[in-house]
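# Analysis of the macromolecular model
The primary structure of each chain is shown beneath.
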Amino acid sequence: MSKSKELAVVLVSGGMDSLVCAAIANEKHEDLAFLHLNYGQKTEERELDCFHKIADHYGVDKSLRKIIDVSFLKQIGGSSLTDDGIDVKKFKGESDEIPDSYVPFRNTHIIAMAVSWSEVVGAKKIYIGAVNEDSSGYPDCRPSYYEAYNKLIQQGTKAGDISIVTPVIDLAKDEIVKKAVDLKAPLINSYSCYARGDKACGVCDSCALRLRGFQKAGVEDPIEYVERPDYL
């Protein structure tokens, strides 16, 4: 299958889902532009390092790497990811409650900036690694949210022809791990922990979901953990 010559913007947080999203975008497009947001998260430095390593792996030109400071999200607070007064909680199993790691309306801010940049650089597709499996906890990961957002983009941009692409939205974490292996994505350069930037804690919600995905897939997670519990 030939690649599209159309430039695509990929939102790359440095996490596993965004890594696989980038790998898929790389299969479909000759040229990629990577966007990363620093919003005062506890693992900001490690995530930025992963962003650059992933960008290097896929040969993204430095002129097409955009890093935007959105630290106003830390000023707003309300999330254990950004608020020093709220501790990152340990994983306690499946729940329909929205966890305190939810950053209020975060994806809306992030995608808005991606749309603005896409208009500047001429990209028509914005790739984001949202996963529907997370939607019970994160309302801005629901497919209906992206359907609504695409309608907003059509109404609020010059040409109305930019759209969000969510290639991993219907995949479970173990399927995302398998997709990463299939596409030879550099999992060693991804990082999912919410709590600390030196070594992944292994017990926060994000670490637990990631580790369980690897364990279900029968693949060894290559990154370092303080603890590596069995989540099966």
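For the structure, check the block above.
The structure contained in this document is the topic of the report that follows.

Parameters at a glance
Residues numbered from 1 in each chain as written. Predicted model: local features only at pLDDT ≥ 70, side-chain atom pairs only at ≥ 80, totals over all residues. Heavy atoms only, no water. Phe/Tyr/Trp six-rings, centres within 6.5 Å; stacked < 30°, edge-to-face > 60°. Helix = DSSP H or I, 4+ residues; strand = E, 2+ residues; numbered from the N terminus. Buried < 20%, exposed > 50% of the residue type's maximum accessible area, 1.4 Å probe, protein only. Salt bridge = Lys/Arg side-chain N within 4 Å of Asp/Glu carboxyl O. Pairing = 2+ DSSP bridges. Axes fitted to C-alpha atoms, helices over the stretch in contact; angles between N-to-C directions. Contact = heavy atoms within 4.5 Å.

Tallying each qualifying case throughout the model produces three aromatic pairs. Between Y145 and Y149 the ring centres are 5.8 Å apart and the planes differ by 80°, which places this aromatic pair in the edge-to-face class. Placement of the pair is Y145 and Y149 together in helix α5 (residues 143-156), with a separation of four residues, close to one helical turn. For the pair formed by Y145 and Y149, the shared burial category is buried. Taken together, the aromatic side chains of Y145, Y146 and Y149 make up a single cluster linked through ring pairs.

In total, this model carries nine salt bridges according to the counting rule given. D198 serves as the salt-bridge partner of R196, at 2.8 Å between the closest nitrogen and oxygen. In this structure, the salt-bridge partner of R228 is E220, at a minimum N-O distance of 3.5 Å. Residue classification places R228 among the partly exposed residues on the basis of a relative accessible area of 40%. According to the relative accessible area criterion, E220 is exposed, its value standing at 61%.

Another aspect to go through is the sheet that holds strand β1 (residues 8-11). The strand order across the open sheet built from five strands is β3-β2-β1-β4-β5, with neighbouring strands paired in parallel fashion. Bordering the open sheet on either side are β3 (65-69) and β5 (163-165), each of which pairs with just one other strand. Each strand of the sheet is rotated relative to its neighbour by a mean of 25°, with strand direction disregarded. Examined bridge by bridge, strand β4 (residues 125-127) and β5 share three bridges and lie parallel to one another. The residue of β5 that forms the bridge with Y127 is V165. Running over the sheet, helix α2 (residues 44-57) touches β2 (32-38) and β3 and is turned about 175° from β2.

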